[in-house]
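For reference, the chains in residue letters:
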Amino acid sequence: MPATKTFTREEVSRHSSGEDLWIIIDGAVYDMSRFIDMHPGGAFPILEYAGKDATDAFYGLHRQEVLVKYQRYKIGVIEGETPQVALRQPGDLSAVPYGEPSAWMGFKSPYYTESHIQFRVAVRKLIDELADDVRPYEETGGRIPDEIVQKFGAAGLLAASIGPGKWLKEYAVRLPGGLDPDEYDYFHETIVHEEMGRIGAKGAVTGMVGGMTISVPTIIHFGSKKMKAEVIPPILAGKKRMALAITEPYAGSDVASIKTTAKRSADGKFFIVNGVKKWITTGQFADYFSTAVRTDKGISMLLIERTEGVETKSIKTSYSSSAGTAYVSFENVKVPVENLLGKEGKGLFYVLSNFNHERWSMIVGANMAGRLAVQECFKWAMQRKVFGKRLIDQPVIRNKLAKMIASVESVQSWCDSITYQMCHMDYNEQADKLAGPIALCKYQSTRMLHNVSDDACQIFGGRSITKTGMGKHIEALQRTYKFSAILGGSEEILADLGVRQAVKKFPPGARL
């Protein structure tokens, strides 16, 4: 590798014309002579700093990734000067206050052990290496290629997204960082969902793991041995995809009102399924559908393969079509009776108990989205200058940041408390005791995200409604945060559910 050339600032100042133009950014020298005509913002912003230090101006207009992208124009460094801005490396943790959960910011934790600390490092490095494969599909839409999904499968990230349990060892899952499956708990899973959220491609990530995360548990808990052996391994490897098909055009949070029917055939060997499902995450790409149906004995769950009579149509939503959100039609679909999940007529219990894990994972994702917004706003407030001073020097901006930080940290604490309970309760006890707290915490988390998104937009101004550039992550947040407030049970339904669950446990003798 050739030695880095050094220059003095006086030498750089001599290269100040349109044909011979150098600039300085954080002690590095860049030759912009060939780039100036290609600059998306025109020649003027670069000419203004010809032969000068453009560090503050650059970071006032561009994200650091732009500097990394155009490293080929770097020709040397300023003699005797050291960089003041750290270039982020794959796997790096944030040093921005509140940019990471407190256990990674030097604080003590009753929940997170050294195993969790090291696990995040391993997962972050893996995802940093894989993220660039995923991000383009957020903009272009469409199905993420199997080879990309299979990379996540080989890294153990697909299996890790589903959660802990004996099943991990049964299927010889290799977890990130070489973690023993017996050690894997819901705090490790928390880390996986948080790190997936850091990819910054909500639609694409949802299309890749969202449907799988909420549907595969129905097979793990209620599927037959034969079904598990056939379905689970190819899904964990990224070779097959799966969706949870419950919501219908006429029944969302009101699961008991679904109309999709499953009638037994004359020979008793099949269920004949007819009906439609709507807003099915990953549905457009799914090979399997864990489906809520109405049989003669009530609501039941069936595993339906993509076969004759199954049709999916893409639904355009506020985020990327790479989420695979679909309208699913079942027309006289023959489903073997062996594909019944659990017992016939017990489907509503299975759906509702499965909701706990789904809603919990959404809380984790929502809180990380809020935390990332805090980090973006904190960085922006420290580097953006208006009216001759930094944004952070304005009391109104500090007040907005204070509200954002306090709300994110409060949800984190509640979620961690619930996660601890999940680690020490079996599936049935979770279904009995945690439905209410998880419902209320999800309600709180999406109210938090509403307020954080609003404040973040005001801090970033026009950049928060621009899909590219400095505010692109805030723009994506304000465009998509309502998904968390609606999917998995709307805010109003969950707030009511939380109180109704509390009423059930209200002691009859309690009086003022």
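Computed from a predicted model, the values in this text were never measured in an experiment.

Rules used in this analysis
- Residues numbered from 1 in each chain as written.
- Predicted model: local features only at pLDDT ≥ 70, side-chain atom pairs only at ≥ 80, totals over all residues.
- Heavy atoms only, no water.
- Buried < 20%, exposed > 50% of the residue type's maximum accessible area, 1.4 Å probe, protein only.
- Helix = DSSP H or I, 4+ residues; strand = E, 2+ residues; numbered from the N terminus.
- Pairing = 2+ DSSP bridges.
- Polar contact = N/O pair within 3.5 Å; in protein donor to acceptor, adjacent residues only side chain to side chain.
- Contact = heavy atoms within 4.5 Å.
- Salt bridge = Lys/Arg side-chain N within 4 Å of Asp/Glu carboxyl O.

Now for the pairing of strand β2 (residues 22–25). Going residue by residue along β2, you find Trp22 and Ile24 tucked away on one face and Ile23 and Ile25 tucked away on the opposite face as well. The sheet contact formed by β2 and strand β3 (residues 28–31) spans 4 bridges and is antiparallel. By the bridge assignment for β3, Ile23 is matched with Tyr30. Between β2 and β3, which pair antiparallel and follow one another directly, the connecting turn spans 2 residues, one of which, Asp26, has a positive phi of 55°.

Here we come to the side chain of Ser290. With respect to the element layout, Ser290 can be found in strand β8 (residues 288–295). Relative accessible area serves as the criterion here: at 0%, Ser290 is assigned to the buried category. At a separation of 2.8 Å, a polar atom in the side chain of Ser290 contacts the side chain of Thr218. Not counting residues up to four positions away in its chain, the partners in contact with Ser290 are Ser215, Thr218, Met242, Ala243, Leu244, Ala245, Met301, Leu302 and Leu341.

Taken as a whole, this structure holds 32 salt bridges when the rule is applied. A salt bridge links Glu100 to Arg124; its shortest N-O distance comes to 2.4 Å. One end of the pair, Glu100, is in the loop between β4 (74–78) and α5 (114–134); the other, Arg124, is in helix α5, and 24 residues separate them in sequence. Arg124 carries the same exposure label as Glu100, and that label is buried. Each of Arg88, Glu100, Arg120, Arg124, Asp128, Glu194, Glu195 and Arg198 takes part in salt bridges that share partners, so that together they form one network.

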